[in-house]
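Listed below are the residues making up each chain.
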Amino acid sequence: MADSSVEIIEGCRLPVLRKNQENEDEWPLAEILSVKDIPGRKLYYVHYIDFNKRLDEWVTPDRLDMKKLQFPKKEAKTPTKNGLPGSRPSSPERDVKRKAESVSLATQVTAATPVPSLPSSAEASQASVYPAMRDPSFSIKSREEHEQLTSLTTNGTTRRLIPSQPGRKRKNCGGTDEMVKVFQNNNPRCSTVFLPPGEMVKVFQNNNPRCSTVFLPPGEDSQDSSDGIPSAPRMTGSLVSDRSHDDIVTRMKNIDCIELGRHRLKPWYFSPYPQELTTLPILYLCEFCLKYRKSLKCLQRHLTKCNLRHPPGNEIYRKGTISFFEIDGRKNKTYSQNLCLLAKCFLDHKTLYYDTDPFLFYVMTEYDSKGFHIVGYFSKEKESTEDYNVACILTLPPYQRRGYGKLLIEFSYELSKVEGKTGTPEKPLSDLGLLSYRSYWSQTILEILMNLKSENGERPQITINEISEITSVKKEDVISTLQYLNLINYYKGQYILNLSEDIVEGHERAMQKRHLRIDPKCLHFTPKDWSKRGKW
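Cut-off values and rules
- Residues numbered from 1 in each chain as written.
- Predicted model: local features only at pLDDT ≥ 70, side-chain atom pairs only at ≥ 80, totals over all residues.
- Heavy atoms only, no water.
- Helix = DSSP H or I, 4+ residues; strand = E, 2+ residues; numbered from the N terminus.
- Buried < 20%, exposed > 50% of the residue type's maximum accessible area, 1.4 Å probe, protein only.
- Contact = heavy atoms within 4.5 Å.
- Areas by Shrake-Rupley, 256 points an atom, 1.4 Å probe, with all protein chains shown as cover.
- Axes fitted to C-alpha atoms, helices over the stretch in contact; angles between N-to-C directions.
- Parallel < 35°, antiparallel > 145°, perpendicular 65-115°, else oblique.
- Left-handed = near helix turned anticlockwise from the far one by under 90°.
- Nonpolar A, V, L, I, M, F, W, Y, C, P; charged D, E, K, R; others polar.
- Salt bridge = Lys/Arg side-chain N within 4 Å of Asp/Glu carboxyl O.
- Expected span 1.5 Å × (residues − 1).
- Arc of directions from axis to C-beta.
- Core = buried A, V, L, I, M, F, W, Y, C linked by side-chain atoms within 4.5 Å.
- Pairing = 2+ DSSP bridges.
- pLDDT = per-residue confidence, 0-100.
- UniProt positions renumbered as here; feature names shortened; annotations may be inferred.
- Phe/Tyr/Trp six-rings, centres within 6.5 Å; stacked < 30°, edge-to-face > 60°.
- Lys NZ or Arg CZ within 6 Å of the ring centre and 35° of its normal.

1. Examining the overall build of the protein chain
Right, so step 1: For the protein chain, the count of helices and strands is 10 helices and 29 strands.
Right, so step 2: Per-residue burial for the protein chain yields a buried fraction of 49% across its 536 residues.
Right, so step 3: Put simply, of all contacts in the protein chain between residues at least 6 apart along the chain, 62% involve residues at least 24 apart.
Right, so step 4: Summed over its atoms, the accessible surface of the protein chain is roughly 27200 Å², and 51% of this surface lies on carbon and sulfur atoms.

2. Some remarks on the packing of helix α7 (residues 431-450) against helix α10 (residues 501-513)
Right, so step 1: One way to put it is that α7 packs onto α10 with a least axis distance of 11 Å and a crossing angle of 115°. Accordingly, the angle class assigned to the pair α7 and α10 is roughly perpendicular. Once α7 is placed against α10, the crossing between them reads as left-handed. Residues Q443, L446, E447 and M450 of α7 form the contact with α10, whose participating residues are I503, V504, H507, E508, A510 and M511.
Right, so step 2: Of the residues that constitute the contact of α7 with α10, the class distribution is 6 nonpolar, 2 polar and 2 charged.

3. Things to note about the pattern of salt bridges
Side chains carrying opposite charge are able to pair once their charged atoms draw close together.
Right, so step 1: Inspection of every chain in the model, using the stated rule, returns 19 salt bridges.
Right, so step 2: Residue R251 pairs with E31 through a salt bridge whose shortest N-O separation is 4.0 Å. Here R251, found in the loop between β15 (208-216) and β16 (258-260), pairs with E31, found in strand β4 (residues 29-38); they are 220 residues apart in sequence, far enough to count as distant.
Right, so step 3: Given a relative accessible area of 24%, R251 falls into the partly exposed group.
Right, so step 4: With a relative accessible area of 4%, E31 lands in the buried category.
Right, so step 5: Across the pair K417 and E414 runs a salt bridge whose closest N-O atoms are separated by 3.3 Å. Placement of both K417 and E414 in helix α6 (residues 404-419) is noted, with a separation of 3 residues, approximately one turn of the helix.
Right, so step 6: Using a relative accessible area of 36% as the deciding quantity, one classes K417 as partly exposed.

4. A word on α10
Right, so step 1: For α10, spanning 13 residues, the distance from its first C-alpha to its last is 19 Å, which sits close to the expected 18 Å at 1.5 Å a residue.
Right, so step 2: Within α10 the residues assigned to the buried category are I503, V504, G506, H507, A510 and M511. Projected down its long axis, α10 carries its buried residues within an arc of 165°, all on one side. Residues D502 and Q512 are exposed on α10 and point more than 90 degrees away from its buried face.

5. A word on the nonpolar core
Right, so step 1: By size, the foremost hydrophobic cluster in this structure holds 72 residues, and its most contacted members are F324, L342, Y377 and F411.
Right, so step 2: Counting residues per element, this core draws most heavily on α7, which supplies 8 residues.
Right, so step 3: When neighbours within four sequence positions are excluded, Y377 is seen to be in contact with L339, A343, L347, K350, F361, Y362, V363, C392, I393, L394 and L408.
Right, so step 4: Membership of the second largest hydrophobic core comes to 13 residues, among which are I8, V16, Y44 and V59.

6. Re the sheet that holds strand β19 (residues 292-293)
Right, so step 1: Ordered in space as β17-β16-β18-β19, the 4 strands form an open sheet in which the pairing is mixed. Of all the strands in the sheet, the pair left with one neighbour each is β17 (263-265) and β19.
Right, so step 2: The pairing of β16 with β17 spans 3 bridges and is antiparallel. The residue of β17 that forms the bridge with L260 is H263.

7. Things to note about the confidence of the model for the protein chain
Right, so step 1: Residues with a pLDDT of 70 or more make up 64% of the protein chain, whose mean pLDDT is 74.
Right, so step 2: Here helix α2 (residues 121-129) stands out as the least confident element of the protein chain, with mean pLDDT 36; strand β18 (residues 283-285) is the most confident, with 97.
Right, so step 3: Residue range residues 196-238 is modelled with pLDDT below 50. Its contacts to residues more than four positions away, or to other chains, number 205 contacts.
Right, so step 4: Here residues 240-245 scores under 50 on pLDDT; set against residues more than four positions off or in separate chains, the count is 12 contacts.

8. Observations concerning unusual backbone geometry
Right, so step 1: Here the residue pair K427 and P428 is connected by a cis peptide bond, since its omega of 0° sits within 30 degrees of zero.
Right, so step 2: Along the chain, P428 turns up in the loop between β26 (424-425) and α7.
Right, so step 3: Positive phi, normally seen in glycine, also occurs at R401, with a value near 60°.
Right, so step 4: Here R401 shows up in the loop between β25 (392-395) and α6.
Right, so step 5: Positive phi values are uncommon outside glycine, yet S472 reaches one of about 65°.
Right, so step 6: Among the secondary structure elements, S472 is positioned in the loop between α8 (464-471) and α9 (475-484).

9. Quick notes on α6
A turn of α-helix holds 3.6 residues, and therefore any two residues three or four places apart point the same way.
Right, so step 1: Spanning 16 residues, α6 covers 23 Å between terminal C-alpha atoms, matching the ideal 22 Å at 1.5 Å per step.
Right, so step 2: Here α6 lies mainly inside the structure; 13 of its 16 residues are buried.
Right, so step 3: Of the residues one or two after α6, G420 is the one with positive phi, at around 75°.

10. Details of the UniProt feature "active site" (unreviewed entry) in the protein chain
Right, so step 1: UniProt's feature table lists "active site" (unreviewed entry) at E426, given in the numbering used throughout.
Right, so step 2: Topologically, E426 is positioned in the loop between β26 and α7.

11. Quick look at the sheet that holds strand β5 (residues 41-48)
Right, so step 1: Taking strand neighbours across the sheet as the criterion, the 4 strands line up as β1-β4-β5-β6 in an open arrangement whose pairing is antiparallel. Edge strands, defined here as strands with exactly one partner in the open sheet, are β1 (13-15) and β6 (57-59). Pairs of neighbouring strands in the sheet enclose a mean axial angle of 50°, with direction left out of account.

12. Quick notes on the packing of aromatic side chains
Right, so step 1: This structure, assessed with the given rule, holds 17 aromatic pairs.
Right, so step 2: Ring centres 5.9 Å apart and planes at 80° place the aromatic pair W268 and F346 in the edge-to-face group. Separated by 78 residues along the polypeptide, W268 in the loop between β17 and β18 and F346 in the loop between α5 (333-344) and β22 (359-368) bring together distant segments of the chain. Both residues of the pair, W268 and F346, belong to the buried class.
Right, so step 3: Aromatic pair Y317 and F411: ring centres 5.8 Å apart, planes at 70°, arrangement edge-to-face. Here Y317, found in strand β20 (residues 314-319), pairs with F411, found in helix α6; they are 94 residues apart in sequence, far enough to count as distant.
Right, so step 4: Judged by relative accessible area, which is 2%, Y317 ranks as buried.
Right, so step 5: Residue classification places F411 among the buried residues on the basis of a relative accessible area of 0%.
Right, so step 6: Just above the ring of Y48 sits the side chain of R18; from NZ or CZ to the centre is 5.3 Å.

Quick look at the structure:
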């Protein structure tokens, strides 16, 4: 449908034909990021508006709808910082950003006038990261069905602004002194948990164990997510990507295909491999040391010299065919850098640091007669002032939707238990990382609540802090997960959590599918005090 009489340039927008998940034709709006000439025709690199960048691709002219072509607008020449005039074509997306910035500036100028709370740009962007935060139709089953590649990128959290109401003082649900007490009645399928301020929290278990109600007390408002949504992004994390420096090069995939062992992977995002390798149809990686080679013959020659059959470092966990290796980013710098290069192909917001010294890498492998094959990994800072137990986390595409993502998450919390700390992943979470973490948190917390039983005829007691200590999940994540599940309601001056029969049934179905679990008895790990620089 392309009209040869009209020249398509970078920045243009128009509908592009693609197949959706049901293999049906659709025409989403896309932006042209690049144009290249090959013998006989042109190819266009497009980004589908409001779609994830991993769907970006090269398309042929016959997939373009020229009837709805939008040319980029020209900006008026304005002086720049150094006093020189400059202009560049702008896209509608940049126009929207400029308008948003002007609105933000106007809000700051008129700060003295009382106005309703408005979400900041960071909060608006996080709305897409936390979809349907309080959708009651969301079920545990749906989260299980959507569990995919686990990827997490870091730094910052998001907080939703809630306008205050006159006469009511917002308080934090789940303080440090709330006690949960369980009352068992005739119905084992239903339970109720009360968290009144300054009193014990009581759980009433009736004949129906499939239903429960939890009352959460109001507490003082804090900068932690009192409404279940993380606070505003911090731009000071270890691996956060500075999106302001994005250019057309880093917005485009530069590697067509990667061969890793018996798998061929299609990268999702840009990764800064050497420029001379980006023109190759296939990039070959050694699956044990992750070194990259330009041809199959070069890889075969390398394999005759490479003695590794597992990741370098210490094997700290093994059960069945699953093993975990702890790798020091300082002692095994080359491997760590190669791992970061591979991970960047599937993590959009990750900043690649060649200085891997401050990080530990935990690589999960699957064992067979040929060696230990990498399945996924997560990294963490040796010293984290924010109690982060994960910096980046990734399950490679061939192993997605098989439970390995939750296994990586569970292992990170097992390490936190050994360290005697509560941990949380660095923020913001990517879309797929959020799905896996929410599912893991939900299953872990529901498992504890459903297993509350009376002992010696006395009512069992539990607090939010005790849940956090048992699971090593940070208290803010415990509270936000309960609110994300849409279980908490405000009733007669207190917060109530209703654990319905549908939630319990969904949880039981999900746990039946979850076959891979971490066995703490198989973990051989001794934490180090990284504050002593001699340990580095």
